Number of protein chains: 2
Amino acid sequence: MFSPLLERLVRSLQVLPGVGPKSAQRMAFHLLQKNREGGRSLAETLADAVAKVGLCQSCRTLAETALCRLCANAKRDDRLLCVVESPADIVAIEQAGGYSGRYFVLHGRLSPIDGIGPEELGLAQLAANVRERQPEEVILATNPTVEGEATAFYISDLIKDDVGNISRIAHGVPVGGELEYVDGGTIVHALQGRRRLR
Amino acid sequence: MFSPLLERLVRSLQVLPGVGPKSAQRMAFHLLQKNREGGRSLAETLADAVAKVGLCQSCRTLAETALCRLCANAKRDDRLLCVVESPADIVAIEQAGGYSGRYFVLHGRLSPIDGIGPEELGLAQLAANVRERQPEEVILATNPTVEGEATAFYISDLIKDDVGNISRIAHGVPVGGELEYVDGGTIVHALQGRRRLR
């Protein structure tokens, strides 16, 4: 039905998450019919990014320079180090505002079934960073899944002799959320994490 | 928050239809973290397609060769010519099966407000094709919108002296649809297009 090249393009577009055959077809037609300039520039930028973007030497987030912007920023607070599962988590925390410390990106969580162990997560580098820079507090911001909790526990055990404070982000009812519609796991967390008012 | 190159990639991905900042970010991270090979191949194929895919000389669908597959196929029925608004319509008709004639793609519909006139739709070429190849019937399969109807009317007027039969696809209640949930315009079409049973 398609020309061979068009067919290849529709297939290639399906590497994008959430894009199936139908939306890939719509994307291909849109680019070729209405926005070739945009398509050309996307192809260039993507080739460029795939070739040049690597991991920041210090925090392991995605960056095309040896040090990412946040690590290169001398104004960030060296006393705080926040450990997250993915670069997207940094974006979310930075957009929320209120945190000005350092980060470390695991690129995943411990998952023996998938062959993801301490090495894949760069935990030796994390331990070395902690020993070398001596932050006052390490905040473990892995997700509240079984694997995320296990990862947080493993890390806290790994660095416990090198840092005074190790904390875990709070899990509970989201702001604006209603107790009635929150899942059981979240309610358990919310109750366990309760704080005394007076 | 992002490195400059990553930021450019997230912006570039938003040329894709239906992709906003949030999904563009997810796509960029996915490609860079989990599927660089797929990203590289998408970049290459996209650059290739944008550079090489043009319009079929005969039917104006998207193709990287002078003649598209369907036009080059000698087995298609030359007696039927179906006029559609976009290459995606050809895909839909071919997937449905049951039609084996020729096509002509307008790449739009008459829309004076948007500056789309007979020239943009290649109507001179359509008229020349009809005169030259003498199909027995031209099927106007533009969409049942005001502009699609106007386009069908304009074309039928343009070619009326050169072809014996000019038809319009039927518009009515979709197969499997229920009258109760169908919009008024469709019901009007369904009533006007009623066929005698006996």
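Above this text you will find the structure in question.
Conventions used here
- Residues numbered from 1 in each chain as written.
- Chains lettered and ligands numbered in written order.
- Predicted model: local features only at pLDDT ≥ 70, side-chain atom pairs only at ≥ 80, totals over all residues.
- Heavy atoms only, no water.
- Pairing = 2+ DSSP bridges.
- Helix = DSSP H or I, 4+ residues; strand = E, 2+ residues; numbered from the N terminus.
- Axes fitted to C-alpha atoms, helices over the stretch in contact; angles between N-to-C directions.
- Contact = heavy atoms within 4.5 Å.
- Buried area = accessible area lost by both parts, 1.4 Å probe.
- Salt bridge = Lys/Arg side-chain N within 4 Å of Asp/Glu carboxyl O.

Caption draft 1: Just the sheet that holds strand β4 (residues 101–105) of chain B, in detail. Residue and element names in this part refer to chain B. Read from one edge of the open sheet, four strands run β4-β3-β5-β6, paired in parallel fashion. The strands lining the two open edges of the sheet, one partner per strand, are β4 and β6 (165–168). On average, each strand axis in the sheet is inclined to that of its neighbour by 25 degrees, with strand direction left out of account. In the sheet, strand β3 (residues 77–84) pairs with strand β5 (residues 137–140) via four bridges, with the strands oriented parallel. Among the inter-strand pairings, V83 is bridged to a residue of β5, identified as L140.

Caption draft 2: Fine view of the interface of chain B and chain A. Contacts between the two partners involve 51 residues from chain B and, on the opposite side, 51 residues from chain A. Where chain B abuts chain A, roughly 5,100 Å² becomes buried across the two surfaces, and 70% of that area is made up of carbon and sulfur atoms. Interface area lost by chain B to chain A is led by M1, L5 and V50 of chain B, which between them contribute 13%. On inspection of chain B and its partner chain A, the count reaches two salt bridges. Of the charged contacts in the structure, one is a salt bridge between D48 of chain B and R8 of chain A, with a shortest N-O distance of 3.4 Å. If you list the elements that add at least two residues to the side of chain B that touches chain A, you get α1 (4–13), α2 (21–34), α3 (36–52), β2 (62–63) and α5 (87–96) of chain B.

Caption draft 3: Broad picture of the sheet that holds strand β3 (residues 77–84) of chain A. Residues and elements named next belong to chain A. The strand order across the open sheet built from four strands is β4-β3-β5-β6, with neighbouring strands paired in parallel fashion. Edge positions in the sheet fall to β4 (101–105) and β6 (165–168), since each has one partner strand and no second. Averaged over all pairs of adjacent strands, the angle between their axes in this sheet comes to 25 degrees, without regard to strand direction. By the bridge criterion, four bridges tie strand β5 (residues 137–140) to β6 in an arrangement that is parallel. Note that in β6 the partner of E137 across the bridge is N165. In this fold helix α5 (residues 87–96) packs onto β3 and β4, with an angle of close to 155 degrees to the strand it touches most, β4.

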